[in-house]
Structures are given as structure tokens and as C-alpha cells.
Amino acid sequence: MEFAWSDDEQKYRAALRDYVAENIMPGWNHDDRELHDPRLKPVVKEFCRKFGESGWLTPHWPREYGGLDSSAWERTVVGEEMWAAGEPRGPQYMNVNWIAPAIMLAGTPEQKKRFLTPISEGGVVWCQGFSEPDAGSDLAALKTKAVRDGDQYIVSGQKIWTSYAHDAEYCFLLVRTNSEVEFHKGISILLAPMNLPGIVVRNIPTPFVDHAIHEVFFDEVRVPADCLLGEENEGWGIIRHTLTEERVGIARYAYQEQALMEAIDDCAIIGRDVSDPGLQEAIGYGFAFFEAARSMMYVATQERIDDPTGLRPMASVWRAIGPGLAEMLLRELLMEVMGPEGLVDNSMADRETELGTVGPIAAGALEVQLNIVARYCLKLPKDS
Ligand SMILES: Cc1cc2nc3c(=O)[nH]c(=O)nc-3n(C[C@H](O)[C@H](O)[C@H](O)COP(=O)(O)OP(=O)(O)OC[C@H]3O[C@@H](n4cnc5c(N)ncnc54)[C@H](O)[C@@H]3O)c2cc1C
């Protein structure tokens, strides 16, 4: 078996890397993808517009939707190069990787025309309205209610931890349309414009950047019924697919390797000796771990190729290792490599200590991923 990238894939990566180096905002930083500064939204849109024109934004989409039908491995290369560069697509990695595919899967022809083109042109920001104060890991317990009234749904309730909500034009919104049936059966998806009267977005203060996460309140918001994705009450099947795509979608190891490299380079500037054998061992362990995370992502990618609509538990194995355990390791390693300098405000170690805490929580808590691994990979009983 040949594990190395083919010549064509290596050329593809080199061309992409050159493109990003030429087009990324000077000084772009991994945290900037949260759009914490109002000046960043136009930067992201402009990057994505040009990226789309150059064929890099949606190469993995089918040709009928304007993509290039590129392989799953070329898609992986794009994800890795984006994360190594600090994700200059900003929130639009979500649009192209799992929001648009959900619309392709279940959207009407009108919805495809209305929503897919702006996404492929890089001109729109979406957010995901999934989690609620009492529905995070137990997502199916969500309570935000939508009642059909003629050609509209009246939506009332609250979402929480919503990334990008302050800048989003649309929300991929999960609502309860039937409370009389078992949890999973009464959920629907609305592709809701964020400028409708009755929607209020509030920043949740964090120790790191502003506008990383938000609360979103819906007070009798009238959402046009043609925003319903798929059948009413049948949203859960689409959501499960979307969550699995989200879990495989982020090549964090590419960022983790880059961050560790940068910290080692910084040691020369701060006069810290990295030749200490103990430190070398820790650094070697870190790179080996990130490579292991990369391998698990490739296993999850192969699983997606083999069984695109299946349960795909390897996505949870990858998710637990990559964003979960590797993120925690990176924080410890950066502190060890940088020593006391790591405590300096806004140093790489300081930023990662703050931001990296969310890796094992966002997109599904580590423990919940481990439960899926226990149940579906190890075949352990549900309650033990
Ligand atoms: C930075 C960040 C960005 C986010 N962005 C978004 C977003 O854009 N849109 C969105 O909808 N949500 C978003 N989230 C929310 C995220 O999906 C939830 O935080 C996550 O699913 C966990 O839910 P919770 O916070 O309600 O925690 P809970 O579900 O209450 O869990 C609390 C703790 O209990 C543990 N736990 C819960 N259930 C189990 C179980 N069955 N077995 C073992 N342990 C369990 C968990 O592991 C966790 O440690 C974001 C979160 C973060 C941190």
C-alpha cells in the first residue's frame, strides 16, 4: 500500500500554498477567523470571493453545483493548508463543508439556487443554531419552537454558544415543530435569514477574543416556510449527517504542528535552549501525536469515501484524538517549550491556553465522542 501523497497531490498542495501566501491578509492570525474585529468580515469575504474565482473554495462540490468534483484527498489537502495558515476562510469553512452539502442533500431546487451560489461565491456568512442552554450534548432535547402559520413559521426560543452569529446573514437553525412525539422525531431545520425582526444576538464575554460565542434569542420571529430544509419533523437524519461532516471537517493537526514549530522558532528569539533532552523528548512526542491525529483523520476520510451516508464512528475517534486530546497536549507542550515566557500575555502558549480549552468541547464534548467510540467501535453496552 502506498501512503505517500501522489505527485499530482503534492503539486496541488504546492500551488494552493503559494496562492494562500500571496492572498492572505498580512499578519492574519488563527484567532481572526472568529471575526472579533468588524474589519475582518470584509477581509474574509474578499479572500473567499477570490478563492472561489480561482476554484479553491468549492473544488470538492459536484460539477452540477459549480464544483470541480475533486477527490476527497484533494479536499483534505485544502483543509490542511487552510488550518496551517490559520483558516483564512473564516467561518466559511462551515458553509462549504457541511451547510452547503446539507442543502445539496435535502434542499428544493429553489433553495439550491438561492443558497448555494452565494456560498460558492464566498459572499455570505452562516452560523449554526444548534445548542441551547439545556440541549448541548443532548442536542435532540432542543426546545426552540416553530409553529406553522400559513406560509411562515413563528419561531420562539434561545440558542447559545453560537459562533459567528454577530456577523451571519443566515442561520442553519434547528427547531422543534412537534413536542408530542419522541425527541428525535419532532425536529426541523430552517435556513433562517438573521435580519428578521425578533432576532437578538448577544456576545458572551470570554477570557480570549470578543464575539467568539453568542446567545441568540428568537421572539416570535416569522421565518418564511420556504426556508424549511427537507420535510417538517424529519430534520434529525440531516443533522446527524451534518454533525459527522463537521467532525471530519477540521484539520486541526495542521494548525497544531504549525503552532509548535512557531513556538520552537520563537525560542531562538527569547534565548531558550530547546536542545535539552527532556524537552526534545516532549517535542518529539508532540509531533508524533499530531501525526497520529493526522492518520486518524485519514482513516475517517476513507470511511467517508466508503460509506458517505452511514453512521461513520471513525469520525468520533478522529474528533476525540485531534481536536480533543491533541489540543490539550499542545497547550501543555507550548508552556513547556516556552517556559516562563509562555505566561506573557498574548504569547502563543497564552493564546492556546485560552483558545485551546474549547477544542474538546465545541462540535461535541470529548466525553460524548468517547461514548460513541465505546458504543459503535468497541461495541460496549450503552449503560455500564
Ligand atoms: C468555542 C465554542 C463554539 C461553539 N460554537 C457553536 C455553534 O456555532 N453552534 C452551536 O450550536 N453550538 C456551538 N457550541 C456548543 C457546543 O456544541 C456545545 O458546547 C457542546 O456540544 C457541549 O454541550 P454543552 O456545552 O451544553 O455541555 P453539556 O452537554 O452540558 O456537557 C457538560 C459536560 O458534561 C459532559 N457530558 C454531557 N453528556 C454526557 C454523556 N452522555 N456522557 C458523558 N459525559 C457527558 C460533557 O462531556 C461536558 O464535559 C460551541 C461551543 C464552544 C465551546
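Parameters at a glance
- Residues numbered from 1 in each chain as written.
- Predicted model: local features only at pLDDT ≥ 70, side-chain atom pairs only at ≥ 80, totals over all residues.
- Heavy atoms only, no water.
- Helix = DSSP H or I, 4+ residues; strand = E, 2+ residues; numbered from the N terminus.
- Rg over C-alpha atoms; globule rule 2.2 N^0.38 Å.
- Buried < 20%, exposed > 50% of the residue type's maximum accessible area, 1.4 Å probe, protein only.
- Contact = heavy atoms within 4.5 Å.
- Areas by Shrake-Rupley, 256 points an atom, 1.4 Å probe, with all protein chains shown as cover.
- Salt bridge = Lys/Arg side-chain N within 4 Å of Asp/Glu carboxyl O.
- Near = heavy atom within 4 Å.
- Polar contact = N/O pair within 3.5 Å; in protein donor to acceptor, adjacent residues only side chain to side chain.
- Domains from an automatic or database assignment.
- Expected span 1.5 Å × (residues − 1).
- Pairing = 2+ DSSP bridges.
- Axes fitted to C-alpha atoms, helices over the stretch in contact; angles between N-to-C directions.
- Parallel < 35°, antiparallel > 145°, perpendicular 65-115°, else oblique.
- Left-handed = near helix turned anticlockwise from the far one by under 90°.
- Nonpolar A, V, L, I, M, F, W, Y, C, P; charged D, E, K, R; others polar.
- Core = buried A, V, L, I, M, F, W, Y, C linked by side-chain atoms within 4.5 Å.
- Arc of directions from axis to C-beta.
- Disulfide = S-S within 2.5 Å.
- Phe/Tyr/Trp six-rings, centres within 6.5 Å; stacked < 30°, edge-to-face > 60°.
- Lys NZ or Arg CZ within 6 Å of the ring centre and 35° of its normal.

### What to know about the overall build of the protein chain
So, step 1. Per the secondary structure count, the protein chain includes 11 helices and eight strands.
So, step 2. Over its C-alpha atoms the protein chain spans a radius of gyration of 21 Å, differing by no more than 12% from the 21 Å that the globule rule assigns to 384 residues.
So, step 3. Taken over 384 residues, the protein chain has a buried fraction of 51%.
So, step 4. In the protein chain, 73% of the contacts between residues at least 6 apart in sequence involve partners at least 24 apart.
So, step 5. Summed over its atoms, the accessible surface of the protein chain is roughly 17600 Å², and 54% of this surface lies on carbon and sulfur atoms.

### So, the pattern of salt bridges
A pair can form between side chains of opposite charge whenever their charged atoms are brought close.
So, step 1. Using the criterion set out here, one finds 22 salt bridges in the structure.
So, step 2. Between Lys41 and Glu169 there is a salt bridge, with its nearest N and O atoms 3.0 Å apart. Of this pair, Lys41 sits in helix H2 (residues 40-53) while Glu169 sits in the loop between strand E3 (152-160) and strand E4 (170-176), placing them 128 residues apart in sequence.
So, step 3. The class for Lys41 is buried, based on a relative accessible area of 18%.

### Here's the deal with the site of the ligand
So, step 1. In the vicinity of the ligand, 18 residues are found, and the nearest of them are Gln128, Ser131, Ser137, Trp161 and Glu367.
So, step 2. Backbone polar atom of Gln128 to a nitrogen atom of the ligand: 2.8 Å apart, as the coordinates give it.
So, step 3. The backbone of Ser131 places a nitrogen or oxygen atom 2.7 Å from an oxygen atom of the ligand.
So, step 4. In the complex, the protein chains occlude 65% of the 970 Å² of accessible area that the ligand would expose alone.
So, step 5. Residue assignment places the shell around the ligand across two domains, with domain 2 (127-233) and domain 3 (251-377) each supplying three or more.

### Re helix H8 (residues 277-306)
Three- or four-residue spacings in an α-helix give side chains the same orientation, since the helix completes a turn every 3.6 residues.
So, step 1. With 30 residues, H8 extends 43 Å from end C-alpha to end C-alpha; this agrees with the ideal 44 Å at 1.5 Å per step.
So, step 2. One side-chain oxygen at the N-terminal end of H8 lies 3.1 Å from the backbone nitrogen of Gly278; it belongs to Asp276.

### Remarks on the pairing of strand E2 (residues 145-149)
So, step 1. For E2 and E3, the ladder comprises five bridges, and the chain directions are antiparallel. Note that in E3 the partner of Lys145 across the bridge is Ser156.

### As for the packing of helix H4 (residues 92-106) against helix H6 (residues 235-248)
So, step 1. For the pair H4 and H6, the least separation of the axes is 9 Å and the interaxial angle reads 150°. One element, H4, and the other, H6, form an angle in the roughly antiparallel class. Between H4 and H6 lies a crossing whose hand is right-handed. Packed against H4, whose contacting residues are Asn97, Trp98, Ala102, Leu105 and Ala106, the element H6 presents Ile238, His241, Thr242, Glu245 and Glu246 at the interface.
So, step 2. Each residue belonging to the contact of H4 with H6 can be placed in one class, and the counts come to five nonpolar, three polar and two charged.

### What to know about the nonpolar core
So, step 1. Within the largest apolar cluster, 106 residues are counted, with the highest numbers of intra-cluster contacts made by Trp126, Val155, Phe172, Leu190, Tyr253 and Leu260.
So, step 2. Counting residues per element, this core draws most heavily on helix H9 (residues 314-338), at 10 residues.
So, step 3. Core analysis: the next-biggest nonpolar cluster, separate from the first, contains five residues, Ile160, Ile204, Val209 and Ala212 among them.

### Brief notes about the domain arrangement of the protein chain
So, step 1. As assigned here, the protein chain comprises domain 1 (7-123), domain 2 (127-233) and domain 3 (251-377).
So, step 2. Taken together, the contact pairs 20 residues of domain 1 with 19 residues of domain 2.
So, step 3. For the pair domain 1 and domain 2, the interface holds three salt bridges.
So, step 4. The partner of Arg114 in a salt bridge is Asp226, and the shortest N-O contact between them spans 3.9 Å.
So, step 5. Viewed at the interface, domain 2 and domain 1 are joined by eight residue pairs in polar contact (both at pLDDT 80 or more).
So, step 6. When residues of the side of domain 1 that touches domain 2 are assigned to their parent elements, the largest contribution, seven residues, is made by H4.

### Considerations on H2
So, step 1. For H2, built from 14 residues, the straight-helix expectation of 20 Å at 1.5 Å per residue is met to within 8% by its first-to-last C-alpha distance of 20 Å.
So, step 2. Buried within H2 are the following residues: Leu40, Lys41, Val44, Lys45, Phe47, Cys48 and Phe51. Buried positions in H2, seen along its axis, are confined to an arc of 165° and lie on one side of it.
So, step 3. Looking one or two places after H2, you find Gly55, whose phi comes out positive at around 85°.

### Brief notes about the environment of Ala100
So, step 1. Of note, Ala100 is situated in helix H4.
So, step 2. Since its relative accessible area comes to 0%, Ala100 is described here as buried.
So, step 3. On a C-alpha basis, the gap between Ala100 and Thr244 in space is 14 Å, while along the polypeptide they are 144 residues apart.
So, step 4. The residues contacting Ala100, other than those within four sequence positions of it, are Trp61, Asn95, Leu116 and Ile119.

### Remarks on the state of the cysteines
So, step 1. Enumeration according to the criterion identifies zero disulfides in this entry.
So, step 2. Of all cysteine sulfurs, the one in Cys127 lies closest to Cys171, which takes part in no disulfide; the gap is 3.8 Å.

### A word on the packing of aromatic side chains
So, step 1. All chains considered together, the criterion is met by 16 aromatic pairs.
So, step 2. Ring geometry for Tyr19 and Phe51: centres 5.6 Å apart, planes at 45°, overall tilted. Note that Tyr19 is positioned in helix H1 (residues 7-23) and Phe51 in helix H2, a separation of 32 residues in sequence. Here Tyr19 and Phe51 have matching classes, each one buried.
So, step 3. Between Trp83 and Tyr93, the ring centres sit 6.1 Å apart and the planes meet at 80°, which makes this aromatic pair edge-to-face. Note that Trp83 is positioned in helix H3 (residues 72-84) and Tyr93 in helix H4, a separation of 10 residues in sequence. By the burial criterion, Trp83 is buried, and Tyr93 matches it.
So, step 4. Arg13 extends its terminal NZ or CZ atom over the ring of Trp5, reaching a point 5.1 Å from the ring centre.

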